[in-house]
Amino acid sequence: MTNSINEISGASTILAIGTNTTQAHPVLALQVKKAARNGANLIVANPKEIDLCRHATIHLQQRPGTDVALLMGMIRVIVDEGLADLDFVKEHCENYDDFLSSLAEFDLESVEKITTVPKEQIAETARMYASNGPASILYCMGITQHSHGTDNVWAISNLALVTGNIGKTSAGVNPLRGQNNVQGSCDMGALPDVYPGYQKVDNPEAQQKFESAWGTKLSPTPGLTHSEIFDGIFSDTIKSLYLIGENPFLSEANANHAIAAMEKIDFLVVQDIFLTETAQMADVVLPASTFAEKNGTFSNTERRIQRIRQAIAPVGDSKPDWEIVCAIANKMGAKGFDYSGPEAIMKEISSVTPSYGGITYDRLEAGGIQWPCPTVDHPGTPILHKAGFNTASGKAKFIPLSFRDSAELPDDEYPLLLTTDRSLFHYHTGSMTRRVDGLDQLDNEEYLKINPKDAAQLGLDDREIVQVTSRRGQTQVKTKFTKICPPGLVSLTFHFAESPTNVLTSAALDPVAKIPETKVCAVRVEKV
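Residues numbered from 1 in each chain as written. Predicted model: local features only at pLDDT ≥ 70, side-chain atom pairs only at ≥ 80, totals over all residues. Heavy atoms only, no water.

**Some remarks on the overall build of the chain**
Applicable threshold: The way it works is that DSSP assigns letters per residue, a run of H or I at least four long becomes a helix, a run of E at least two long becomes a strand, and they are numbered from the N terminus. Throughout, the radius of gyration refers to the C-alpha atoms, and the reference size of a globule is 2.2 Å times the residue count to the power 0.38. Burial classes: relative accessible area under 20% of the type maximum marks a residue as buried, over 50% as exposed, and values in between as partly exposed (1.4 Å probe, protein chains only). Any two residues whose heavy atoms approach within 4.5 Å are treated as being in contact. To measure how exposed things are, a 1.4 Å probe is used in the Shrake-Rupley method; for residues, cover is taken only from the protein chains shown. Positive: Lys, Arg. Negative: Asp, Glu. His and the chain ends are not part of the count. A single reference atom marks each charge: NZ on Lys, CZ on Arg, CG on Asp, CD on Glu.
If you tally the helices and strands in the chain, you get 19 helices and 21 strands. Here the chain has a C-alpha radius of gyration of 24 Å; the compact-globule value for 528 residues is 24 Å, and the two agree. Reported as C-alpha extents along the three principal axes, the dimensions of the chain are approximately 65 × 60 × 45 Å. Going through the 528 residues of the chain one by one, you find that 50% of them count as buried. A separation threshold of at least 6 residues defines the contact pool for the chain, and within that pool the share at least 24 residues apart is 68%. Accessible area of the chain: about 23300 Å², with a carbon and sulfur share of 52%. Computed over 47 positive and 64 negative side-chain charges, the separation of the two mean positions in the chain equals 3 Å.

Take a look at the structure:
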């Protein structure tokens, strides 16, 4: 997030796009509801009529996968009607003229045809966002998990920049992370192309810096992304796999592909807090400690680094993740893994990661600190880009875009579009939450959410078991009639091993981020 969670309630306008905030981020959603109660304009852009729509000023119900057209169409209105913040653009941005040229294809008639959103509603929304600042954008996996997910994010950035809604209180571009330390894992280099602090592995200066710090030679070649790893198993370039805190048996797009890869691989190690479906496939399972059994830090969605403190002793033979990794490294003869504890690791992090340079355990005793925090006397950074952008020119860059449709669309054989979402009561594959009796009582079964019109055409009954089939797999699940989904769109969560959703989803990849298109795939629904 460029901004902080507590600023959301102070926004005059909020655009929530590709996020089912009340279900996936219920605590943060309280800030959105508070803003709406205080009179803020709440714009919800979502193919489904999600719960947040009850609080919305406008609901844009775009066809799944058409976010670029919708956002660029809004920008076209803002530019054409003289609502752009040209002073901000001139002072803080570059590539604006080239960007303007790309708006030619996004006239309102074309955008309405692509998105199915009425052009009058698009224009009204554009005026509302541009004229009522500060305006905050919230987004989540409904934006990123597409074969053009990077374009979606660039379109969001373009919209915020053209209206000057960056570097200001209660404004910004705010991606909502899915779990408590997703941000922290990325900060620490758990990505294939960066060292800690997003320092590129193919940058010679960064390579030299980390070689010196770690006392070893490092490759300048970026690694493989999540999806590419499973492809690498089939091409025999990967012989062993070490999975930490991941359950691809249920979470991976085109899950049958991932399962077959894990069955094929020579050696599979899984390190987790429970014996997940993936762990049951492993040659070796390493029991890891939960948050309550270890010391360390988590970095949350607003970039806030916070201490966690051990409350109970590790259960059974479990150990903190860092201890397990270090023990394996030491057994393999590696150097530099003789840490005395988490605080020593944080000292190393601070020494090589400029954005964490001022983070110490002593400072964190007083409360969390938001990065970048380059020095020990720096207070942290609640709002990014107030003094410019981290680019060579110090300016943000507008990105020209064209509309590309989803990789897979409905046809005669697979006439319905499937999207995925989450339940309020469960997280991800349910490996933790489904072990909580109270939560499982509230939500213990998967349902295919389907519009009554589609159900009637198919001759289905409510709560009837049906078979859902895509080009990749099939699963059986009960129906749930709802007008939340418009005709032509059905929806599943992916929390339930009994009805695995991701055997259906598409692994078509975004060409830049290589994220799979789990939010859009074509299916058919049949009686069992």
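The discussion continues.
**Concerning helix α11 (residues 204-214)**
Inclusion rule: The arc in question is the one traced by the directions running from the helix axis out to the C-beta atoms. Pairs of N or O atoms are called polar contacts if they sit within 3.5 Å, as long as, within protein, a hydrogen donor faces a hydrogen acceptor (for residues adjacent in sequence, only side-chain-to-side-chain pairs).
Taken together, the buried positions of α11 are occupied by Ala 206, Gln 207, Phe 210 and Glu 211. Taken end-on, α11 shows its buried residues confined to a sector of 130°, consistent with a single buried face. Of the exposed residues in α11, the ones pointing more than 90 degrees away from its buried face are Pro 204, Glu 205, Gln 208 and Ser 212. For α11, the secondary structure elements touched by its buried residues are β7 (194-195), β8 (199-200) and α16 (342-352). By the N-cap criterion, in which a side-chain oxygen at the helix start approaches the backbone nitrogen of a residue two or three places on, α11 is capped by Asn 203, the distance to Glu 205 being 2.9 Å.

**Quick notes on helix α2 (residues 26-37)**
Test applied: Given a helix with a known number of residues, its expected span is that number minus one, times 1.5 Å.
With twelve residues, α2 should cover 16 Å at 1.5 Å per step; its first-to-last C-alpha distance of 16 Å lies within 8% of that length. Check the buried side of α2 and you find it contacts β1 (13-17), α1 (21-24), β2 (41-45) and β5 (135-139). The positive-phi residue at the C-terminal boundary of α2 is Gly 39, with phi of around 100°.

**A look at the nonpolar core**
Stated formally: Residues enter a nonpolar core if they are buried and are Ala, Val, Leu, Ile, Met, Phe, Trp, Tyr or Cys, with the set joined through side-chain atoms within 4.5 Å.
By size, the foremost hydrophobic cluster in this structure holds 51 residues, and its most contacted members are Ile 17 and Leu 159. If one sorts the elements of this core by residue count, helix α3 (residues 67-80) sits on top with nine residues. Excluding its chain neighbours within four sequence positions, the residues that come into contact with Ile 17 are Ala 45, Gln 62, Asp 67, Leu 71, Ile 137, Leu 138, Tyr 139, Cys 140, Ile 143 and Ile 156.

**Points about the sheet that holds strand β9 (residues 240-244)**
Threshold: Two strands are counted as paired when DSSP detects at least two bridges linking them. Under this scheme, a helix contributes an axis fitted over its contacting stretch, all axes are lines through C-alpha atoms, and angles between N-to-C directions fall in the 0 to 180 degree range.
Reading across the sheet, the three strands line up as β9-β10-β11 and stay open at both edges, with parallel pairing between neighbours. Each of the sheet's edge strands pairs with one partner strand only, and the pair in question is β9 and β11 (284-287). In this sheet, neighbouring strand axes are inclined to one another by 10° on average, regardless of whether the strands run parallel or antiparallel. Both β9 and strand β10 (residues 267-272) contribute to a ladder of five bridges, which runs parallel. Opposite Leu 241, over in β10, you have Leu 268 as the bridge partner. Its contacts with the sheet put helix α15 (residues 321-331) on β9, β10 and β11, and the angle it makes with β9 is roughly 155°.

**A closer look at the pattern of salt bridges**
The line we're drawing: By definition here, a salt bridge exists when the distance from a side-chain nitrogen of Lys or Arg to a carboxyl oxygen of Asp or Glu is within 4 Å.
Under the counting rule described, the total for this entry stands at 28 salt bridges. A salt bridge links Asp 51 to Arg 54; the shortest N-O distance between them is 2.8 Å. Residue classification places Arg 54 among the exposed positions, given a relative accessible area of 61%. Here Glu 526 makes a salt bridge to Arg 524, at a shortest N to O gap of 3.4 Å. Residue class for Arg 524 comes out partly exposed when judged on its relative accessible area of 23%. Here the salt bridges share partners, and the residues they tie into one network are Glu 408, Asp 411, Arg 471 and Arg 472.

**Structural notes on the state of the cysteines**
Filter applied, for reference: Whenever a pair of cysteine sulfur atoms sits within 2.5 Å, that pair is classed as a disulfide.
Within the structure shown, the criterion is met by zero disulfides. Between Cys 485, a free cysteine, and Cys 53, which holds the nearest cysteine sulfur, the sulfur-to-sulfur gap is 12 Å. A relative accessible area of 0% places Cys 485 in the buried class.

**Considerations on the pairing of strand β20 (residues 489-492)**
Moving residue by residue along a regular strand, the side chains alternate between the two faces of the sheet. Residues Leu 489 and Ser 491 line one face of β20 and the alternating positions Val 490 and Leu 492 line the opposite face, and both faces are buried. Strand direction decides the pairing type here: strand β16 (residues 416-420) and β20, joined by four bridges, are parallel. Within β20, the position partnered with Thr 419 by the bridge is Ser 491.

**Digging into the packing of aromatic side chains**
So the rule is basically this: Pairs were defined over the aromatic rings of Phe, Tyr and Trp, the Trp ring being its six-membered one, requiring ring centres within 6.5 Å. Orientation was assigned from the angle between planes: stacked under 30 degrees, edge-to-face over 60, tilted for the rest.
Going through the model one piece at a time under the given rule, you end up with seven aromatic pairs. Taken together, a centroid distance of 5.1 Å and an interplanar angle of 55° make the contact between Tyr 96 and Phe 398 tilted. Placement of Tyr 96 in helix α5 (residues 96-102) and of Phe 398 in the loop between β15 (396-397) and β16 is noted, with a sequence separation of 302 residues between them. Of the residues examined, Tyr 96 reaches a relative accessible area of 15% and is grouped as buried. Geometrically, the ring pair formed by Tyr 195 and Trp 214 is edge-to-face, given 6.1 Å between the ring centres and 80° between the ring planes. Taken as a pair, Tyr 195 in strand β7 and Trp 214 in helix α11 lie far apart in primary sequence, 19 residues in all. According to the relative accessible area criterion, Tyr 195 is buried, its value standing at 7%.

**Some words on the environment of Ile 383**
Mapped onto the fold, Ile 383 is located in the loop between β14 (369-370) and β15. Its relative accessible area of 9% is what places Ile 383 among the buried residues. In the structure, Ile 383 is positioned eleven residues away from Pro 372 in sequence and 9.8 Å away in space, judged by C-alpha atoms. Ignoring anything within four residues of it in the chain, the contact list for Ile 383 reads Thr 2, Asn 3, Glu 7, Gly 167, Lys 168, Thr 169 and Arg 303.

**A word on the pairing of β1**
In terms of residue burial, β1 counts as a mostly covered element, since five of its five residues are buried. Side-chain alternation along β1 places Thr 13, Leu 15 and Ile 17 on one buried face and Ile 14 and Ala 16 on a second face that is also buried. Note that β1 and β5 share five bridges and pair parallel. Residue pairing in the sheet places Ala 16 in a bridge with Leu 138 of β5. With five bridges joining them, β1 and β2 adopt parallel strand pairing.

**Comments concerning the sheet that holds β14**
Within the open sheet, the three strands sit side by side as β12-β13-β14. Their pairing is antiparallel. One side of each edge strand has no neighbouring strand; the edge strands of this open sheet are β12 (296-299) and β14. Two elements, strand β13 (residues 304-308) and β14, share two bridges in a ladder whose sense is antiparallel. Note on β14: the bridge partner recorded for Arg 304 is Gln 370.

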